[in-house]
Amino acid sequence: MTHPTLTQSHGPAHTRLYSVGAARGENAVPNDDLVGPIDSSDEWIRQRTGIVTRVRAGEDVLAVDLATEAGREAIERSGVPADQVDLVIVATISNVQQTPSIAAVVADRVGANPAAAYDMNAACAGYAYAVAQADALIRTGAARYALVIGAEKLSDVVDPTDRTISFLLGDGAGAVVIGPSETPGIGATVWGSDGSKAGAVGMNHTLIDFREGRSEWPTLRQEGQTVFRWAVWDMAKVAKQALDAAGITGDDLAAFIPHQANMRIIDEFAKQLKLPESVAIGRDIATTGNTSAASIPLAMHRLLEERPELSGGLALQIGFGAGLVFGAQVVVLP
């Protein structure tokens, strides 16, 4: 059977990050406010995690609101008119309505309607996954400009009495605009998963359990030591693979921006990668906490606010978490 030859789309050869935006929960929550229900101390939390305080959003603020604020700032800074953004991807695990997607609502709120829009759940690797997707979709011609957002209100999905994870989590959103570039701005992504360890970190019950009265409201739990060992040993290898895939070495980096899971993990990463002293390291966790999919763009936003001279330099970013999923790539900082 003969048929006409299909036309397939083609896009630009390269992409880059144009800008970054951020929104943090407005309430600073110091360790002392959380230690009672978990029978812990400020000193223990600081030593184990490096967190001094974390930010959390007010009761009337949802993840979609944080995503909107961060998205607006990213678009404003990008110089791209909002109505030319034709793809919106939101990485999140804390949309408390399974549908509609946060992305569709945000696209409308920021003036990008009728952009293609969807939410994506890859937990703490979500932002790196979304960057990989936006890069690929633009280079195939399926989109021209993308708004990528990591947005979480984790205080909605945490049990304050849970000793494994409750004290780690914060609320916030980070966003970037990605578009065509004359030179390479986003390196090849190294990503994957290990579902055999899915029980190490994730929700402790299903919504069906809750509906049928068999459980409390589902909340995040983790096996701290399992996750720590996996992150430190396996993810350092992934970070090295991302450097190799980009054709550079750690000496070429201006910045290292890992998922803000734990300060000890960040320090161990830097040691294993043998990063020179000149490399700026994202350490946003100390005052923001672990914001899952939002943590890398939030840490990037803070680094660039504090050290604007890093703009135009190379940054290695890596996300890893529940699933267990991971993603890493080298980017040129906006």
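Residues numbered from 1 in each chain as written. Predicted model: local features only at pLDDT ≥ 70, side-chain atom pairs only at ≥ 80, totals over all residues. Heavy atoms only, no water.

**Looking at the side chain of H259**
Stated precisely, the cut-off is as follows: In DSSP terms, a helix is any run of H or I states spanning at least four residues, a strand is any run of E spanning at least two, and both are numbered starting from the N terminus. We call two residues in contact whenever any of their non-hydrogen atoms come within 4.5 Å of each other.
Here H259 is to be found in the loop between β11 (255–258) and α8 (263–272). If we skip the residues at most four places from it in the chain, H259 touches C124, I266, N290, S292, S295, I296, I318, G319 and F320.

**Comments concerning the nonpolar core**
Operational definition: The term nonpolar core refers to a set of buried residues drawn from Ala, Val, Leu, Ile, Met, Phe, Trp, Tyr and Cys, joined through side-chain atoms within 4.5 Å. Classification of residues uses two cut-offs on accessible area relative to the type maximum, computed with a 1.4 Å probe and protein chains only: under 20% is buried, over 50% is exposed, and between them is partly exposed.
M235, F256, F269, L316, I318 and F320 are the most contacted members of the largest nonpolar core, which totals 51 residues. Mapped by element, the contributors of at least two residues to this core are α1 (35–38), α7 (224–246), α8, α9 (285–288), β13 (314–321) and β14 (325–332). The element best represented in this core is α7, accounting for ten residues. Counting residues in each nonpolar core, the second largest holds 35 residues, with L17, A143, V148 and L303 among its members.

**Details of the sheet that holds strand β12 (residues 280–281)**
Sheet strands pair by backbone hydrogen bonding; their relative direction is either parallel or antiparallel. For clarity, the threshold we go by: Only strands that DSSP links by at least two bridges are regarded as paired with each other. Helix axes are fitted only over the stretch in contact, all axes being lines through C-alpha atoms; the angle between N-to-C directions runs from 0 to 180 degrees.
Sheet architecture is open: five strands sit in the order β8-β14-β13-β11-β12, paired in mixed fashion. Two strands lie at the open edges of the sheet, namely β8 (190–193) and β12, each paired on one side alone. As paired strands, β11 and β12 are joined by two bridges and run parallel to one another. Residue pairing across strands places F256 opposite I281, the latter belonging to β12. Sheet strands touched by helix α5 (residues 126–139): β8, β13 and β14. Its angle to β14, the strand with the most contacts, is close to 60 degrees. Against the sheet, α8 makes contact with β11, β12 and β13, and its axis sits at roughly 140 degrees relative to β11, the strand it touches most.

**As for the sheet that holds strand β7 (residues 171–181)**
Across the sheet, which stays open at both edges, the five strands sit in the order β1-β7-β6-β4-β5 with mixed pairing between neighbours. In this open sheet, the two strands that pair with only one neighbour each are β1 (14–24) and β5 (116–120). Put simply, the sheet's adjacent strands are angled 15 degrees from each other on average, direction ignored. As judged from the five bridges shared by strand β4 (residues 87–91) and β5, these two strands associate in the parallel manner. Residue pairing in the sheet places I89 in a bridge with Y118 of β5.

**Topic: the environment of V148**
As for its placement among the helices and strands, V148 is situated in strand β6 (residues 146–153). Taking the C-alpha atoms as reference points, V148 and R283, 135 residues apart in sequence, are found 21 Å from one another. The residues contacting V148, other than those within four sequence positions of it, are I89, Y127, A130, V131, A134, G174, A175, V176 and I178.

**Observations regarding the pairing of β7**
Most of β7 sits inside the fold, with eleven of its eleven residues counted as buried. Two elements, β6 and β7, share eight bridges in a ladder whose sense is antiparallel. Within β7, the position partnered with G150 by the bridge is G174.

**Quick word on the UniProt feature "domain: Beta-ketoacyl-[acyl-carrier-protein] synthase III C-terminal" (unreviewed entry) in the chain**
Stated precisely, the cut-off is as follows: UniProt positions are given in the numbering used here, feature names are shortened, and annotations may be inferred rather than shown by experiment.
Residues annotated by UniProt as "domain: Beta-ketoacyl-[acyl-carrier-protein] synthase III C-terminal" (unreviewed entry) correspond here to residues 243–331. Between the end C-alpha atoms of residues 243–331 there is a gap of 10 Å, over a span that is 34% helix and 24% strand.

**Topic: the packing of aromatic side chains**
What counts, and what does not: Ring pairs are drawn from Phe, Tyr and Trp, using the six-membered ring of Trp, whenever the two centres fall within 6.5 Å, and their geometry is named by plane angle: stacked under 30 degrees, edge-to-face over 60, tilted for the rest. For a ring to carry a charge above it, either NZ of a lysine or CZ of an arginine must fall within 6 Å of the ring centroid while also lying within 35 degrees of the normal to the ring plane.
Applying the stated criterion to the full structure yields seven aromatic pairs. For the ring pair W44 and F167, a centre distance of 5.4 Å and an interplane angle of 75 degrees mean the geometry is edge-to-face. With W44 in helix α2 (residues 42–49) and F167 in the loop between β6 and β7, this pair connects stretches of sequence that are 123 residues apart. Classification of W44 as partly exposed rests on a relative accessible area of 25%. F167 sits in the buried class, given a relative accessible area of 4%. One Lys or Arg, R16, reaches over the ring of Y18 and ends 4.0 Å from the middle of that ring. Note that R163 overlies the ring of W44, its terminal NZ or CZ placed 5.7 Å from the centroid.

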